[in-house]
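Each chain, letter by letter, is given below.
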Amino acid sequence: MRAVVYAGDGTVRVDDIPEPEITEVGDVIVEVRKTAICGSDLHLLDGKTPGMRPGGVIGHEFIGKVAELGANVFKHHQDTRVLGSFLISCGACRHCIARRFNFCTNRRALGLGTLTGDLDGAQAEYVRVPNADVNLRLLGGALSGLSDEEALFGGDILATGFYAASLSEIKRDDVVVVIGAGPVGLFCAAAAGRFSPSKVLLLDQDPARVAFAREQMGLDAIDVSSSDAQAEVAAATEGTMADVAMDAVGSVIAVKDAMKCVRDGGRVTVVGVYGAERYELPMGVAWVRGIDLRFSGMANVHAHWDDALLAVAKGDLDPTKAITHRLSLDQAEEGYALFRAREAMKVVLTP
Ligand SMILES: NC(=O)c1ccc[n+]([C@@H]2O[C@H](COP(=O)([O-])OP(=O)(O)OC[C@H]3O[C@@H](n4cnc5c(N)ncnc54)[C@H](O)[C@@H]3O)[C@@H](O)[C@H]2O)c1
Ligand SMILES: [Zn+2]
Ligand SMILES: [Zn+2]
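Residues numbered from 1 in each chain as written. Chains lettered and ligands numbered in written order. Predicted model: local features only at pLDDT ≥ 70, side-chain atom pairs only at ≥ 80, totals over all residues. Heavy atoms only, no water.

Asks: It is not clear to me how the overall build of the chain should be interpreted in this structure. Could you clarify?
Replies: Looking only at helices and strands, the chain has 12 helices and 17 strands in total. Relative to a compact globule of 351 residues, whose C-alpha radius of gyration would be 20 Å, the chain shows 20 Å and is just as compact. Based on the C-alpha atoms only, the size of the chain along its principal axes is roughly 60 × 40 × 40 Å. Buried positions account for 55% of the 351 residues belonging to the chain. In the chain, the proportion of contacts linking residues at least 24 apart, taken out of those at least 6 apart, comes to 69%. Of the roughly 14,500 Å² of accessible surface on the chain, 49% is carried by carbon and sulfur atoms. Within the chain, one finds 35 positive and 47 negative side-chain charges whose respective centroids are separated by 5 Å. (Helix = DSSP H or I, 4+ residues; strand = E, 2+ residues; numbered from the N terminus. Rg over C-alpha atoms; globule rule 2.2 N^0.38 Å. Buried < 20%, exposed > 50% of the residue type's maximum accessible area, 1.4 Å probe, protein only. Contact = heavy atoms within 4.5 Å. Areas by Shrake-Rupley, 256 points an atom, 1.4 Å probe, with all protein chains shown as cover. Lys, Arg positive; Asp, Glu negative; His and termini not counted. Charge placed at Lys NZ, Arg CZ, Asp CG, Glu CD.)

Here you go:
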């Protein structure tokens, strides 16, 4: 089958590799219909999140059709349409029972390297999904009308946005700042908007991303390429600052900016992914200001994908607006180049 594999030195290659086989009784092999490129894929190539094995298949956003079932799969059937979660949980440990799937004691992730189980990813014609009863969402009932593209992001960035907004405990009339207007930032902002805040301000230092957020997504976006995040938020709030700020970048600068953008007693939610970065926190300042600093960990996909998909099914938001490029899987290298250069927002690949 054709698959996007890590080719070493920060590059990917589309290659012919053997099709995956059932290796655990809870596995399903999914025939992938659509898959997408995520900011987390770039972290793998850049070595920010280490452990991608040359030859390993990348990719963790996908939708497809059940092609083969392990002996202990009960919720899925041949040929049904399913959405995959990037996060692979066991469904049975104490965290999963408490719906903290992202802290599953056996958590793994698809296509994200050896530190998360070395599972082959979904930018391929077929992908093996362990514990499929837990980690695949049947697109039936109220979700059956969703198109593949409408549902595609429900297993990663859309659910991440809903999780981040929930974790941020946004209250009516709050001012919310989201730093980073990449795909994750767009969905964090859209999900935040569902809690009736007075404002959601999306900040990015790339003017093209700011323009996209405004024009395509109808969001209130601010260009901070030549200005200061704190000053922009102060100006937009008459100095009262934000109640909540989210880092949807994954850089220490963004976390520092988020802390400067919230009022005293405000909350900062760190959604962006981190590897070996270090940050010296001025404890006295954080203490006296009462900053509530929360790290998301991997998104709790399974606890939020139903809400996210139902919102799409009801027409409350249209995630397909984030798709700027539709390419074949064989054009993946071009897709990665476009996404890295931020010429693309979301690249969808069809095997
Ligand atoms: N917690 C999770 O489970 C989870 C899930 C999915 C993605 N992520 C992470 O979310 C982050 C964003 O993902 P994405 O796909 O949107 O990535 P992306 O790289 O496309 O977007 C990041 C955006 O941040 C902007 N940016 C960079 N530095 C900035 C700064 N100092 N101030 C303002 N804007 C700045 C960039 O211009 C870009 O538009 C990544 O770190 C990704 O790994 C986390
Ligand atoms: Zn992702
Ligand atoms: Zn578990």
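Continuing now.
Asks: How should the coordination of the zinc ion (ligand 3) be read in this particular structure?
Replies: In ideal tetrahedral geometry, four donors around a metal make angles of 109.5 degrees, whereas ideal octahedral geometry with six donors gives angles of 90 or 180 degrees. The coordination sphere of the zinc ion (ligand 3) contains the protein donors Cys 90 (SG), Cys 93 (SG), Cys 96 (SG) and Cys 104 (SG), at a distance range of 2.3 to 2.4 Å. Angles of 101 to 119° at the metal separate the four donor atoms of the zinc ion (ligand 3), which places the site in the tetrahedral class. In the primary sequence, the donor residues of the zinc ion (ligand 3) line up as C-x2-C-x2-C-x7-C. Residue Cys 90 is located in the loop between β6 (87–88) and α2 (94–97), and its partner Cys 104 is located in the loop between α2 and β7 (108–109); the two are separated by 14 residues in the primary sequence. Accessibility expressed as a relative area gives 18% for Cys 90, which makes it buried. (Donors = N, O, S within 2.8 Å, 3.2 Å for Na, K, Ca; no water. Tetrahedral: all angles 85-135°; square planar, octahedral: opposite > 155°, others 65-115°.)

Asks: Quick question: what am I supposed to make of the coordination of the zinc ion (ligand 2) here?
Replies: The protein atoms that coordinate the zinc ion (ligand 2) are Cys 38 (SG), His 60 (NE2) and Asp 156 (OD), at distances spanning 1.9 to 2.3 Å. Sequence spacing among the residues donating to the zinc ion (ligand 2) works out to C-x21-H-x95-D. Here His 60 lies in the loop between α1 (39–46) and β4 (61–69) and Cys 38 lies in the loop between β3 (28–36) and α1, a separation of 22 residues in the sequence. For the pair Cys 38 and His 60, one class covers both residues: buried.

Asks: Sorry if this is basic, but what is going on with the packing of helix α5 (residues 157–167) against helix α11 (residues 301–313) here?
Replies: Two quantities define a packed helix pair, namely the angle between the helix axes and the distance between the axes. Taken N-terminus to C-terminus, the directions of α5 and α11 make an angle of 105°; their axes are 8 Å apart at the nearest point. With respect to α11, the element α5 is oriented roughly perpendicular. Facing α5, whose interface residues are Leu 158, Ala 159, Phe 162, Tyr 163 and Ser 166, α11 presents Val 301, His 304, Trp 305, Asp 307, Ala 308, Ala 311 and Val 312. (Axes fitted to C-alpha atoms, helices over the stretch in contact; angles between N-to-C directions. Parallel < 35°, antiparallel > 145°, perpendicular 65-115°, else oblique.)

Asks: Before we go on, may I ask you to explain the layout of surface pockets in this structure?
Replies: Gaps left between atoms show up when a probe the size of a water molecule is rolled over them. Empty space within the second largest pocket amounts to approximately 240 Å³. Surrounding the second largest pocket, Lys 75, His 76, Arg 99, Phe 101, Asp 133, Val 134, Leu 136, Arg 137, Leu 138, His 302, Trp 305 and Asp 306 form its lining. Among the secondary structure elements, those contributing two or more residues to the lining of the second largest pocket are α3 (132–135), β9 (136–138) and α11. For the lining of the second largest pocket, the per-class residue count stands at five nonpolar, two polar and five charged. (1 Å grid on protein atoms, 1.4 Å probe; cavity = no way out; pocket = protein on both sides within 12 Å on 5 of 7 lines; lining within 4 Å. Points joined across faces, edges and corners; volume = space filled by probe spheres on them. Nonpolar A, V, L, I, M, F, W, Y, C, P; charged D, E, K, R; others polar.)

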